[in-house]
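# An overview of the molecular structure
Given next are the chains, with one letter for each unit.
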Amino acid sequence: MRSLTLAAAAVLMSVPVALAAAPAEPSAAALAQPRYAVRLLSPEEATRDIGLLRRALETVHPGLYRYSAKAQIDTAFAQLEAAARRPITDLALHGEIARMLAAIHCDHTKAEMSDAMTAFRTANPTHLPLRFQLIEGRMIVVSNDGQTGAPPAGSEILSINGTPVPQLLLRLAALVSYDGTTDQAIAAKLANDSDLMGDDFNENYPSLFGFPEAWQIEWKQVGSQDASTATLRPIRFAQWTGLAGPGAKYRGEFYNSVSWRLNGKVARLGIDTFVNYRNPVQATAFLSGFFAAMEEAGTEHLILDLRKNGGGSEDVSVALGRYLIDQPFVWSKPVRYKAVRYGDLPQYFETWGDPSARFTPPLTDFEQTPDGWFDRIPKQRDAALNDGDTTLLQQPIGAFGFDGRLTILSGPRNGSGATRTIAQLKDKAGATVIGEASAGSAEGPTSGSIFLMTLPASGIKVRIPEAWNRTAISNFVPGKGVAVDQLVVPTLADFEAGRDRTIGVAQGALPTRSDSAALVAKALGGAWTGTLDYRDYRKDTRTTLPTMMTSDGQTLAWTFDDGPGKIVKSSESWTFDASQQVLQISNGRNTPEAWQVVEARLSADGLSATVVLDGTSRENDRTVIARKIVTREGNRLRITKMTRGAGEPFLMRQSYDLRQ
């Protein structure tokens, strides 16, 4: 059976496979497109840029060693400096700088392309002609631009330009910036990131592989044995932003990113961004209509949907607090700075607002701490000067304040001000949080008036935050966002059904099941036929085998067809402990695997079941985080195992797709 090992819960494994197909030759139309003229930097030029970058980070950045020890940052710089010891292109240097900045674990510290690179990307087609989302560790197409042969929505991408998707995503993941240890943000940022030119995939792909002249996409329908390959034209960034994506509208603004539902005594307010500085509105007044309507309707339960919200302007966050916190409150502790004088560095910096106020503020505005930090002294806002920070002062309660039940929907797209808002409302308003744990930093990010530094030789730009915005809360886990009270994991079954289970849970329609054993038995029971899809350990390529399974709900008997005359049988048992929260999976040969039940739900009609299990696994001589998702959708059963290391997105390891 081509060296396939079938064992217990992990039926996979190292199999000799054909090499991935080489990318197709670009078409005449592709060759006619302008090519980016890469600049080759000498070691001296690149080294000067890196030295200046290091000096700026060490002078300005208040979170340089906040989540990574100095030794780790020194190592990251050593790797960057080593890359610059030989001639290096501007594209490659951008990638190496992004890799180094990612080691800081600050979501506001990242690389931007030079003006020349950005101009090329704006004027010429370079973007992937589709949008995707990582679901159950797979690259699932959300939309495409209509080119002939393009993978349709709901299909899975297997490789891009000859590189298997897992290898590609892991290489790109190393360049993604996120706060602290919230690496669940990586999958979300690869697919959607308004901070950059679309997402971290399109932003960083050229730094590793160059600007593509064509995209060769290998894809298949989920669960199918047959794959197809399409060679597609890149599209312009402006076209890409018009495609339907998995997150909020690209660079949306507060005033046009609000949705509203009022149904009886339950209201749902969705805010996809707090950005309120490009076309600002008075946030408290803007929100007053929603809260006045709730008061008039006698609303008892508000569902505040922030899942697509990456943050933005503090005035929106504070305005929400005025309506949802029932007593005067302080939003922030004094903003903390590493330095308030920057020597000759401002000549390389751009920022918004008055440069003199940013680079040479009065020293009387700060109090120096015994350990050398500078805390800004709170002061009343002067409207004429647009000065002061009300988030440091006690906030009044707004009219039409809501004092009913508050539920917040959160997820890995949350960061910055969105995460601070969730943390505040959980801490001060007793909100229940449902969905997935947020990214960002509950205790407050390093951000402020971010300095955009241009490195002289390469033209590469780097965002350097100048302040640590500290949230005025007492309950947080350093390096984390906000944990959920009820976990709801998005599944392929949800995506295929167009279903939002998180809202269903918030509305009380999908309560947590305590009888996990009965729920799993109900999901697994019966005779099934379909496929096993698995990812090779060495090459990350994919193999699909016809598969049959019969189960009484506890014992699973498998039959795998690996070609003419190659039939393999295996069995495993699924048993729960007395608490029904720990599942043991064994095949009688290897050490049983222990899985913690983290979500178990059954729809009201009994036709849709979801069970999520967390554990660990061994892969290529390392221990990895593992997650198993079991979904039963009518007569369709899917059992998927995903794995990841720290700083990596979940990637599908194996998946059964079966029908009765």
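Residues numbered from 1 in each chain as written. Predicted model: local features only at pLDDT ≥ 70, side-chain atom pairs only at ≥ 80, totals over all residues. Heavy atoms only, no water.

## Quick word on the sheet that holds strand β10 (residues 258-263)
Across the sheet, 6 strands lie side by side as β10-β11-β12-β19-β20-β25; this open sheet has mixed pairing. On the outer flanks of this sheet lie β10 and β25 (486-487), each paired with one strand and no other. Where helix α10 (residues 283-297) meets the sheet, it contacts β10, β11 (266-271) and β12 (301-305), and its direction lies at approximately 5° from that of β10. (Pairing = 2+ DSSP bridges. Helix = DSSP H or I, 4+ residues; strand = E, 2+ residues; numbered from the N terminus. Contact = heavy atoms within 4.5 Å. Axes fitted to C-alpha atoms, helices over the stretch in contact; angles between N-to-C directions.)

## Thoughts on the confidence of the model for the chain
Scored by pLDDT, the chain comes out at a mean of 92, with 93% of its residues at no less than 70. Segment residues 1-26 is flagged for pLDDT under 50; beyond a separation of four residues in sequence, or across chains, it makes 76 contacts in the model. Scored below 50 in pLDDT, residues 382-388 shows 8 contacts in the model against residues more than four places distant or in partner chains. (pLDDT = per-residue confidence, 0-100.)

## Notes on the side chain of S603
Structurally, the position occupied by S603 is in the loop between β31 (593-602) and β32 (608-619). On the basis of relative accessible area, S603 is assigned to the buried category, the value being 15%. Beyond its immediate sequence surroundings of up to four residues, S603 is in contact with L510 and S608. (Buried < 20%, exposed > 50% of the residue type's maximum accessible area, 1.4 Å probe, protein only.)

## A short note on the sheet that holds strand β15 (residues 349-350)
Taken together, the 4 strands give an open sheet; going across it, the order is β3-β23-β22-β15, and neighbouring strands pair in antiparallel fashion. Lying at the two open borders of the sheet, with one neighbouring strand each, are β3 (111-112) and β15.

## Things to note about the packing of aromatic side chains
The full count for this structure, using the stated rule, is 23 aromatic pairs. Measuring from ring centre to ring centre gives 6.4 Å for F237 and W240, while their planes differ by 20°; the resulting arrangement is stacked. Residue F237 and its partner W240 are both found in helix α9 (residues 237-241); the two are separated by 3 residues, about one turn of the helix. W240 gets classed as buried once you look at its relative accessible area, which sits at 1%. (Phe/Tyr/Trp six-rings, centres within 6.5 Å; stacked < 30°, edge-to-face > 60°.)

## A look at the pattern of salt bridges
Here the structure, examined in full by the defined rule, presents 43 salt bridges. With a shortest N-O distance of 2.5 Å, R463 and E112 are connected by a salt bridge. With a gap of 351 residues between them, R463 in strand β23 (residues 461-464) and E112 in strand β3 connect regions that are remote in the sequence. With a closest N to O distance of 2.8 Å, R542 and D533 form a salt bridge. Accessibility expressed as a relative area gives 23% for R542, which makes it partly exposed. Through salt bridges with shared partners, a single network forms among D107, K110, E112, K189, D195 and R463. (Salt bridge = Lys/Arg side-chain N within 4 Å of Asp/Glu carboxyl O.)

## A closer look at helix α4 (residues 90-102)
An α-helical turn contains 3.6 residues, so a residue and the one three or four places further along point in the same direction. With 13 residues, α4 extends 18 Å between its outermost C-alpha atoms, agreeing within 8% with the 18 Å of an ideal straight helix rising 1.5 Å per residue. Taken together, the buried positions of α4 are D90, L91, L93, H94, G95, I97, A98, M100, L101 and A102. (Expected span 1.5 Å × (residues − 1).)

## Details of helix α13 (residues 416-429)
Here α13 is 14 residues long and its end C-alpha atoms lie 19 Å apart, about the 20 Å a rise of 1.5 Å per residue gives. The element α13 is extensively covered by neighbouring structure, given that 10 of its 14 residues are classed as buried. Buried within α13 are the following residues: S416, G417, A418, T419, R420, T421, I422, A423, Q424 and L425. Buried positions along α13 lie against β12, α11 (314-324), β13 (329-330), β19 (405-410) and β20 (432-435). Looking one or two residues past α13, G430 carries a phi angle of roughly 65°, positive in sign.

## With respect to the pairing of strand β29 (residues 567-576)
Taken together, the 7 bridges between strand β28 (residues 555-561) and β29 define a ladder with antiparallel strand orientation. Residue pairing in the sheet places L556 in a bridge with E572 of β29. Between the end of β28 and the start of β29, which pair antiparallel, lie 5 residues, with G563 showing a positive phi angle near 115°. What sits between the antiparallel neighbours β29 and strand β30 (residues 582-586) is a turn of 5 residues, in which Q580 has the positive phi angle 65°.

## What about unusual backbone geometry?
We note that D540 has phi near 65°; this positive angle belongs to a residue other than glycine. As for its position among the elements, D540 is in the loop between β26 (526-535) and β27 (542-551). Judged by relative accessible area, which is 10%, D540 ranks as buried. The backbone of Q580 sits at a positive phi, close to 65°, despite the residue not being glycine. Looking at the secondary structure, you find Q580 in the loop between β29 and β30.

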